[in-house]
Amino acid sequence: MATKTLLQGVNDALLQEMTRDDRVLVFGEDVGLNEGVFRATSELQKRFGKQRAFSTPLTETGIIGVAIGMALYGLKPVPEIQFADFMYPAFDQIVSELAKFRYRSGGEYPCPVVVRMPYGGGIRGGLYHSQSPEAYFCHTPGLKVVIPSTPADAKGLLASAIRGDDPVIFMEPKKIYRSVKGEVPDDEVLIPIGPARIAQTGTDVTLFSFGAMIPVCMEAAEKAHEKLGVSVEVVDLRTLYPLDEATIIESVQKTGRAIVVTESPKTCGYGSEIAALIAERALDSLEAPVVRVAGFDTPFPYTLEKLYVPDALRVFLAIQDVVNYQ
Amino acid sequence: MVTKTPKMTDPKMTDPKITEKPNPALPSGYSGQQLVDLYKGMALIRAFDERQLKLQRSGRIGFCVVSTGEEAVQVGVAAALEKQDWIFPTYRQHGMILQRGVSVTDMANQLYGNANDRCLGRQMPVHYSFKEINYVSLSSVIGTHLSHAVGAAMAAQYKGDDAVMVTFIGDGGTSSNDFHAALTFAGVQKAPVVFYIVNNHYAISHPVEEQCAAESLHLKGVGYGIPSIKIDGNDLLAVHQATQEALNRARAGEGPTLIECDTYRMGPHSSSDDPTRYRDAAEQEAANKACPIGRFEKQLESWGLWDDTQDKALWTELEQTMVDDTNLSENVGEPTWESLFDDVYAEVPPALARQRDEFMARESQFPRENEGEFPL
Ligand SMILES: Cc1ncc(C[n+]2csc(CCOP(=O)(O)OP(=O)(O)O)c2C)c(N)n1
């Protein structure tokens, strides 16, 4: 065990899987010699050579398109999109091709591509270096969507994604790439795609979230405990699709109050899905309306980013609202 | 490395070697004053870029992109344009804004994202928008603006206007989806547009040789039936003259032109980049020698238009102006919090109005002066 950053967790998984399986290839803009603009692909080209870890021309549709072709021919490509904001030029390949190959071929052509992309606010990146497009992917049948919030999860979930048989959109919370540290086993770690993680147990309110919003939720939970005497459960969803519905319903049955925290715009965001699920399956347990704490329905701003991204204050106020609800 | 031999596919185009050898007689078609002004234009951009980097390194602005080494492209094109012509830039043509008369302070307001920034601090630094000089707002997404330039050109054509669109893309950006879409349309529509490939040899860390296997990037234009040339992009007058010809063609209804400007990115990709990771010092050193500013300054001297004393005075003055003018942007304060919700639509829709009103009524009561600090 060593204490590592989330970024190192990602890098560990890539090193581990490339060592284990020579069908694993890593590529994307600046990932070779430059080792990625965030250095997530450190050491890969040095250790595995240019054939297995390389920088590509500037074409996201090309990156995903060739990854699909490689997967069809039996490789395990792990392409990187430099920022989630730049996956849109590849959206057609992801939505029309990657997600649908298995289905349209009656299972003859599975497409196990793992697309890594840093996402979210927190680096003063303005409109185009900050977005959280998870909802688009979750709305696309055929894709699994995974977002870690701890270094160990980053390693274990990414390794599982690479070993799986389905396409996975693996979104990395870049705000906490380096700020979140934790123990990461040196040995092989595999954390299954699917189950949520209960980051903290509580009895009065449940916060459902993922990625960079987990530390925000933890802080808000602590403040709520300190200032309001409220016991907050924090559920880190980790896999957005397929969703761990059982854990969500059980938690709501216990606490009776649910808040979903996401940084993407509120309307049709991922929080809407969780709220709908709870309304369908656990309405009788609710003691207050389900609340979505989210980004505003605006593009992601530069100077006023601090207002846009949910912070512990906004989550705290929501906790206060649901516990005071009559 | 900067290629000195231009590859020409259209012999009608100006010979870019025109200024290769310093000529004691002035180049034809230019007055001495014009030549000096062109030089000052490049110096202005360099001084602005140096100031940007200083502001960024000292933590006063969050991010910046400099265009060091690419001044000749910007000044050469800007000097040939007419007022009604539009610019669809990338993040590395901000020098053209200065050429079109916007003040350093107005630009610095954008870098600071302050209340005086006309885009209300919404975009990252260097993502300018200045409608009065036809400098069109840009996104960070590489390539998307190219087809916009073609559409605007088609609109000008449709309206019978005399306007030409000029648009820029890096060597890396020639691999993007919209590069191909734009050239496809422009060729077929004979749109009055000029495409510039600013080949500075790198897309962040990725060298142009690994970006495209073609012998030269301008050949991509040939493939779409667009007259295309490669010129020495560090040769100010070559850029200027090639642009004049392309604009003339466009105005005469002869359609688009593609001009590949061979240059070199002398600085980092952006303030976040460390070029020592991927290119060696010797290469950079050689490129510094090909710097378009040093080169043109020598030419001015050989034409008897400029000397060392004038040069020193110019740089000293520019440095001071940059400090003074950017300082004016420093203590302006941030845009109003309500402004976050404007301009998403022509009118704020009800759901967004509710988000705004709830936010202003409650959360805005709490100051957020120190990021990460819990205000309760
Ligand atoms: C679609 C898209 N993909 C990736 C990026 C990230 N990115 C920003 S600049 C850049 C390199 C651009 O290189 P080039 O087009 O040669 O222009 P230069 O920066 O050299 O002027 C990359 C990959 C982006 N902004 N947009």
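Reading guide: rules and limits
- Residues numbered from 1 in each chain as written.
- Chains lettered and ligands numbered in written order.
- Predicted model: local features only at pLDDT ≥ 70, side-chain atom pairs only at ≥ 80, totals over all residues.
- Heavy atoms only, no water.
- Helix = DSSP H or I, 4+ residues; strand = E, 2+ residues; numbered from the N terminus.
- Rg over C-alpha atoms; globule rule 2.2 N^0.38 Å.
- Contact = heavy atoms within 4.5 Å.
- Buried < 20%, exposed > 50% of the residue type's maximum accessible area, 1.4 Å probe, protein only.
- Areas by Shrake-Rupley, 256 points an atom, 1.4 Å probe, with all protein chains shown as cover.
- Lys, Arg positive; Asp, Glu negative; His and termini not counted.
- Charge placed at Lys NZ, Arg CZ, Asp CG, Glu CD.
- Domains from an automatic or database assignment.
- Buried area = accessible area lost by both parts, 1.4 Å probe.
- Near = heavy atom within 4 Å.
- Polar contact = N/O pair within 3.5 Å; in protein donor to acceptor, adjacent residues only side chain to side chain.
- Salt bridge = Lys/Arg side-chain N within 4 Å of Asp/Glu carboxyl O.
- pLDDT = per-residue confidence, 0-100.
- Pairing = 2+ DSSP bridges.
- Axes fitted to C-alpha atoms, helices over the stretch in contact; angles between N-to-C directions.
- Phe/Tyr/Trp six-rings, centres within 6.5 Å; stacked < 30°, edge-to-face > 60°.
- Lys NZ or Arg CZ within 6 Å of the ring centre and 35° of its normal.

Participant: Let's hear about the overall build of chain A: which residues, and what values?
Facilitator: The helix and strand tally for chain A stands at 12 helices and 14 strands. Taking 326 residues into account, the globule formula puts the C-alpha radius of gyration at 20 Å, and chain A, at 19 Å, falls close to it. Taken over the C-alpha atoms alone, chain A extends approximately 60 × 40 × 40 Å along its principal axes. Across chain A, the fraction of contacts at a sequence separation of at least 24, relative to all contacts at a separation of at least 6, is 82%.

Participant: Describe the overall build of chain B, with residues and values.
Facilitator: Looking only at helices and strands, one finds 12 helices and 7 strands in chain B. For chain B, whose C-alpha radius of gyration is 22 Å, the value lies close to the compact-globule estimate of 21 Å for 376 residues. Within chain B, the fraction of its 376 residues that count as buried is 57%. Excluding contacts between residues fewer than 6 apart, the proportion of contacts in chain B whose partners are at least 24 apart in sequence is 74%. When the accessible area of chain B is evaluated, it comes to approximately 15,700 Å², of which 52% is carbon and sulfur surface. Between the averaged position of the 34 positive side-chain charges in chain B and that of its 52 negative side-chain charges there is a distance of 3 Å.

Participant: I'd like a description of the domain arrangement of chain A, backed by residues and values.
Facilitator: Residue and element names in this part refer to chain A. Here chain A is partitioned into domain 1 (2–184) and domain 2 (197–323). The gap between the C-alpha centroids of domain 1 and domain 2 is 26 Å. Each partner contributes residues to the interface: domain 1 has 28 residues there, and domain 2 has 23 residues. For the pair domain 1 and domain 2, the summed buried surface comes to about 2,000 Å²; carbon and sulfur atoms form 59% of the total.

Participant: How would you sum up the site of the ligand? Please name residues and give values.
Facilitator: As a matter of local geometry, the ligand sits amid 19 residues, with Glu60(A), Tyr91(B), Arg92(B), Ser140(B) and Tyr202(B) nearest to it. Each of chains A and B places residues near the ligand. Between an oxygen atom of the ligand and a main-chain N or O atom of Tyr202(B), the distance comes to 2.7 Å. Here an oxygen atom of the ligand and a side-chain polar atom of His269(B) are 3.3 Å apart. About the coverage of the ligand: the protein hides 95% of its 580 Å² of free accessible area.

Participant: So what's going on with the interface of chain A and chain B? Residues and values would help.
Facilitator: Taken together, the 44 residues of chain A in the interface contact 44 residues of chain B. A per-residue breakdown of the area chain A buries against chain B is headed by Leu58(A), Tyr302(A) and Leu313(A), which together make up 16% of the total. Our enumeration of links across chain A and chain B arrives at 5 salt bridges. Note that Arg314(A) and Glu363(B) form a salt bridge whose closest N and O atoms lie 2.8 Å from each other. Summed over the shared surface of chain A and chain B, the result is 13 residue pairs in polar contact (both at pLDDT 80 or more). Of all elements in the fold, only α8 (213–228), α11 (305–308) and α12 (312–324) of chain A reach the threshold of two or more residues within the side of chain A that touches chain B.

Participant: Just give me the short version of the confidence of the model for chain B, but keep the residues and values in it.
Facilitator: Residue and element names in this part refer to chain B. For chain B, per-residue confidence averages 93 on the pLDDT scale, and 94% of positions sit at 70 or higher. Considering only residues more than four positions removed or in separate chains, one finds that residues 1–20, a stretch of pLDDT under 50, has 54 contacts. Confidence estimates for the predicted assembly give a pTM of 0.95 and an ipTM of 0.95.

Participant: An account of helix α2 (residues 71–80) of chain B is needed here, citing residue identities and associated values.
Facilitator: Across the 10 residues of α2(B), 9 count as buried, placing the element largely inside the fold. Every buried residue of α2(B) is accounted for by Glu71(B), Ala72(B), Val73(B), Gln74(B), Val75(B), Gly76(B), Val77(B), Ala78(B) and Ala80(B).

Participant: So what's going on with the pairing of strand β5 (residues 114–119) of chain A? Which residues, and what values?
Facilitator: Residues and elements named next belong to chain A. Counted residue by residue, β5 has 6 buried out of 6 residues, so it is predominantly covered. Neither face of β5 is open: one carries Val114, Arg116 and Pro118, the other Val115, Met117 and Tyr119, and all of them are buried. Inspection of the sheet shows β5 paired to strand β7 (residues 168–173) by 6 bridges, in the parallel sense. Bridge assignment links Tyr119 to a residue of β7, and that residue is Pro173.

Participant: An account of the sheet that holds strand β11 (residues 232–236) of chain A is needed here, citing residue identities and associated values.
Facilitator: All names here are of chain A. Spatially, the 5 strands line up as an open sheet ordered β9-β11-β10-β13-β14, and their pairing is mixed. A strand with exactly one partner marks an edge of an open sheet, and here the two such strands are β9 (197–200) and β14 (291–295). Across the sheet, the mean angle separating the axes of adjacent strands is 25° when strand polarity is ignored. Where β9 lies against β11, 3 bridges are found, and the strand directions are antiparallel. In the strand pairing of β11, Gln200 is matched with Val234. Strands β10 (205–209), β11, β13 (258–265) and β14 of the sheet are contacted by α12, whose axis makes an angle of about 165° with β14.

Participant: Describe the packing of aromatic side chains, naming the residues involved and giving the relevant values.
Facilitator: Taken as a whole and judged by the stated rule, the model has 24 aromatic pairs over all chains. Among the aromatic side chains, those forming a connected cluster through ring pairs are Phe296(A), Phe300(A), Tyr308(A), Trp337(B), Phe341(B) and Phe359(B). The side chain of Arg104(A) reaches across the aromatic face of Phe101(A), ending 4.1 Å from its centre. Above the ring of Tyr302(A), the side-chain terminus of Arg124(A) is found at 4.5 Å from the ring centroid.

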